[in-house]
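# Tertiary structure, described
Here are the chains, one letter per residue:
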Amino acid sequence: MSKIPVYFMPGLAASTLIFERIALPEPFEIFFLEWEIPLEKESLSAYALRMTQKIKHPNPVLIGVSFGGILVQEMVMHIPVQKIIIISSVKSNLEFPLRFQLAKTTKAYKLIPMRLILNLENLARFSFGEKINQRLQLYEKFLSVRDITYLEWAVEQVILWNRTEIDPRVVHIHGDADDVFPIKNIKNCITLNGATHILILTKYKWLNEHLPKIIMEE
């Protein structure tokens, strides 16, 4: 049986180390995608197209976490895939919490002091949610992208994401204690009880057990 390529995309500002405990059996083969610094005035669609150049296999499986989940949904507009899975993310801007919608309407996101967010504790809260504990040395390992240009671009792309129609191919895994994208706004997902926005770190055993079946399901 030929190998099945599975590409993982981390969340906002996060490194591929968030996947260090993810292990899939044969015939799956894991590959990691890393954030690039965006080009000047680069759209999310253009960025997604550029990221597809890192895909070296036909019909891969794409798995994206949080903002990475949004990105892989844009990537599949440019390449055929076998499966698309998002974790701790959203399938359209209709699943955003009210504060995201208000930020778009008022353009309040432009007032966020990105240099303050570069502080590790602030960046951890920004990327992983308010319910993080204080193990900042741990989070320092996972948060590798601390570039002002990238952060300003990424925040704007999330807030202004204009997708309203859900791609029916998307398989969505979500925690019912996610404080970044609250479960009350999420429709049609595989719900993990007690899981927060960082379920990729805390529920890796569940993912290792269930992802193979989820990937192979028609």
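Quantities reported herein were computed from a predicted structural model and do not represent experimental measurements. (Residues numbered from 1 in each chain as written. Predicted model: local features only at pLDDT ≥ 70, side-chain atom pairs only at ≥ 80, totals over all residues. Heavy atoms only, no water.)

### Let's talk about empty space enclosed by the protein
Counted by the stated rule, this structure contains one cavity of 30 Å³ or more. Counted as a void, the largest cavity has a volume near 70 Å³. Lining of the largest cavity is provided by Gly11, Leu12, Ala14, Ile18, Val65, Ser66, Ser127, Phe128, His197, Ile198 and Ile200. Across the lining of the largest cavity, the residue classes break down as seven nonpolar, four polar and no charged. (1 Å grid on protein atoms, 1.4 Å probe; cavity = no way out; pocket = protein on both sides within 12 Å on 5 of 7 lines; lining within 4 Å. Points joined across faces, edges and corners; volume = space filled by probe spheres on them. Nonpolar A, V, L, I, M, F, W, Y, C, P; charged D, E, K, R; others polar.)

### Focus: unusual backbone geometry
Residue Pro27 is bonded to the preceding Glu26 through a cis peptide linkage, with omega at 10°. Within the secondary structure, Pro27 sits in the loop between β1 (4-9) and β2 (28-32). You will see that Asn188, though not glycine, has its phi angle at about 50°, which is positive. Its location among the elements puts Asn188 in the loop between β5 (170-175) and β6 (190-192). Classification of Asn188 as exposed rests on a relative accessible area of 73%. (Helix = DSSP H or I, 4+ residues; strand = E, 2+ residues; numbered from the N terminus. Buried < 20%, exposed > 50% of the residue type's maximum accessible area, 1.4 Å probe, protein only.)

### Notes on the nonpolar core
Core analysis: the biggest nonpolar cluster contains 72 residues, and Phe67, Leu71, Met75, Ile85, Ile87, Tyr150 and Ile200 have the highest contact counts within it. Tallying contributions element by element places helix α7 (residues 148-159) first for this core, with seven residues. With sequence-adjacent residues up to four places away left out, Ile200 is seen in contact with Ile18, Phe19, Ile22, Val65, Ile87 and Leu207. (Core = buried A, V, L, I, M, F, W, Y, C linked by side-chain atoms within 4.5 Å. Contact = heavy atoms within 4.5 Å.)

### Details of the side chain of Asp167
The topology assignment puts Asp167 in the loop between α7 and β5. Judged by its relative accessible area of 11%, Asp167 falls in the buried class.

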